[in-house]
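Listed below are the residues making up each chain.
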Amino acid sequence: MTDATALPGRPRGGVLSGPATARAVNVLAPNPSVMTLDGTNTWILSEPGSGLAVVVDPGPLDDGHLRHVVSTAEQTGKRVALTLLTHGHPDHAEGAARFAELTGTKVRALDPALRLGDEGLAAGDVVTVGGLELRVVPAPGHTADSLCFHLPADQAVLTGDTVLGRGTTVVAHPDGRLGDYLDTLRRLRSLTVDDGVHTVLPGHGPVLDDAQGAVEYYLAHRAHRLAQVETAVENGHRTPSEVVAHVYADVDRALWPAAELSVRAQLEYLKEHGIL
């Protein structure tokens, strides 16, 4: 068995649900799959001593899960005052409208179609609730509407699907673009170097205690995959499905449809840069 401390990002072992930092508690949604790993991480954030909380990514439309999130907050004396979304994929956002009904909160997101209320989210915004401060970090690449949330008091960043707690993520072509994703990873690396971020609170999988190591691994992985795709095309594998079968031969076939999205994004990137 591989020691978790030796894996990229140093993933934590143990149960995923529960406190992760002084200000962050995870409630794991019951939607495990090859794409969602153990399920969606729904994050409850609150300043110690405050009676108000922010929830990031209520998750799927599962009434039991949504009510469990509310009760988890209430058991620690918190009232959910605001709902935020990292992006609009259903496993993160489908339950947001119902959650807003249960809590009486507004929903803020980058995509206007996902918002409930007048306020959205944009790069550079600072969200404050009950003394808690969250800084909005633009994170396009996985999807065009992806955001991360920097929690400076805990030296942590909530990454949605941009960085996962296990494995790597999909660049969901055509909405997701590889060039944007690489820029996002570099932006996250700057947070680890310049702002002292050391903890990743991901949208799926365990908490990572080495944020810089995780981001460096993602950047290296993307460079490696891009080189593999370029070589595969040079060797005559022309279609995305042919490239997937060649480059991802050692990957679970259940993941090949998602891998094809990333391959399409990589092929587009190589063409845009005059490499193909």
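Below is a summary of the structure that appears in this document. Quick caveat: nothing in here was measured; it's all calculated off a predicted structure.

### With respect to the sheet that holds strand β10 (residues 156-160)
Judged by pairing direction, the sheet is mixed, and its five strands sit side by side in the order β7-β8-β9-β10-β11 without closing on themselves. A strand with exactly one partner marks an edge of an open sheet, and here the two such strands are β7 (126-129) and β11 (199-202). Averaged over all neighbouring strand pairs, the angle between strand axes comes to 25°, with direction disregarded. In this sheet, β10 lies alongside strand β9 (residues 147-151) in antiparallel orientation, the contact comprising three bridges. Each bridged residue has a counterpart across the sheet, and for His150 the counterpart in β10 is Val157. On top of the sheet, helix α4 (residues 178-194) reaches β8 (132-138), β9 and β10; it is set at about 145° to β8, its chief contact.

### Overview of the packing of α4 against helix α7 (residues 256-272)
In contact at an axis separation of 8 Å, α4 and α7 are set at 95° when each is read in the N-to-C sense. It follows from the interaxial angle that α4 and α7 lie roughly perpendicular. On α7, the residues that touch Leu178, Gly179 and Leu182 of α4 are Ala265, Gln266 and Tyr269. Among the residues forming the contact of α4 with α7, the class breakdown is four nonpolar, two polar and no charged.

### Some details on the nonpolar core
Formed by 36 residues in total, the largest nonpolar core has its most connected members in Val157, Val163, Leu178, Leu185, Leu188, Val243 and Tyr248. Every element with two or more residues in this core is listed here: α4, α5 (211-234), α6 (240-247) and α7. Broken down by element, this core gets its largest block of residues, nine residues, from α5. Ignoring any residue separated from it by four or fewer positions in sequence, one finds Tyr248 in contact with Arg225, Val243, Trp256, Ala259, Ser262, Val263 and Gln266. Core analysis: the next-biggest nonpolar cluster, separate from the first, contains 21 residues, Val56, Leu134, Val136 and Leu201 among them.

### So, the sheet that holds strand β2 (residues 24-28)
Whether parallel or antiparallel, the strands of a sheet pair through hydrogen bonds between backbone atoms. Ordered in space as β1-β2-β3-β4-β5-β6, the six strands form an open sheet in which the pairing is mixed. Across the chains shown, the open sheet's two edge strands, defined by having one partner strand only, are β1 (18-19) and β6 (107-108). Of the strands in this sheet, β2, β3 (41-45), β4 (52-56) and β5 (79-84) touch helix α1 (residues 63-75), which is tilted by about 155° from β2. The strands touched by helix α3 (residues 96-103) within the sheet are β4, β5 and β6, with β5 carrying the most contacts at an inclination of about 155°.

### Section: the packing of aromatic side chains
Per the stated rule, a full pass over the model turns up one aromatic pair. Where Tyr217 meets Tyr218, the ring centres are 6.3 Å apart and the plane angle is 70°; that geometry is what we call edge-to-face. Since its relative accessible area comes to 36%, Tyr217 is described here as partly exposed. Overall, the relative accessible area of 3% leaves Tyr218 in the buried class. In this structure, Arg225 is placed above the aromatic ring of Tyr248, and the distance from its NZ or CZ to the ring centre is 4.2 Å.

Reading guide: rules and limits
Residues numbered from 1 in each chain as written. Predicted model: local features only at pLDDT ≥ 70, side-chain atom pairs only at ≥ 80, totals over all residues. Heavy atoms only, no water. Pairing = 2+ DSSP bridges. Helix = DSSP H or I, 4+ residues; strand = E, 2+ residues; numbered from the N terminus. Axes fitted to C-alpha atoms, helices over the stretch in contact; angles between N-to-C directions. Contact = heavy atoms within 4.5 Å. Parallel < 35°, antiparallel > 145°, perpendicular 65-115°, else oblique. Nonpolar A, V, L, I, M, F, W, Y, C, P; charged D, E, K, R; others polar. Core = buried A, V, L, I, M, F, W, Y, C linked by side-chain atoms within 4.5 Å. Buried < 20%, exposed > 50% of the residue type's maximum accessible area, 1.4 Å probe, protein only. Phe/Tyr/Trp six-rings, centres within 6.5 Å; stacked < 30°, edge-to-face > 60°. Lys NZ or Arg CZ within 6 Å of the ring centre and 35° of its normal.

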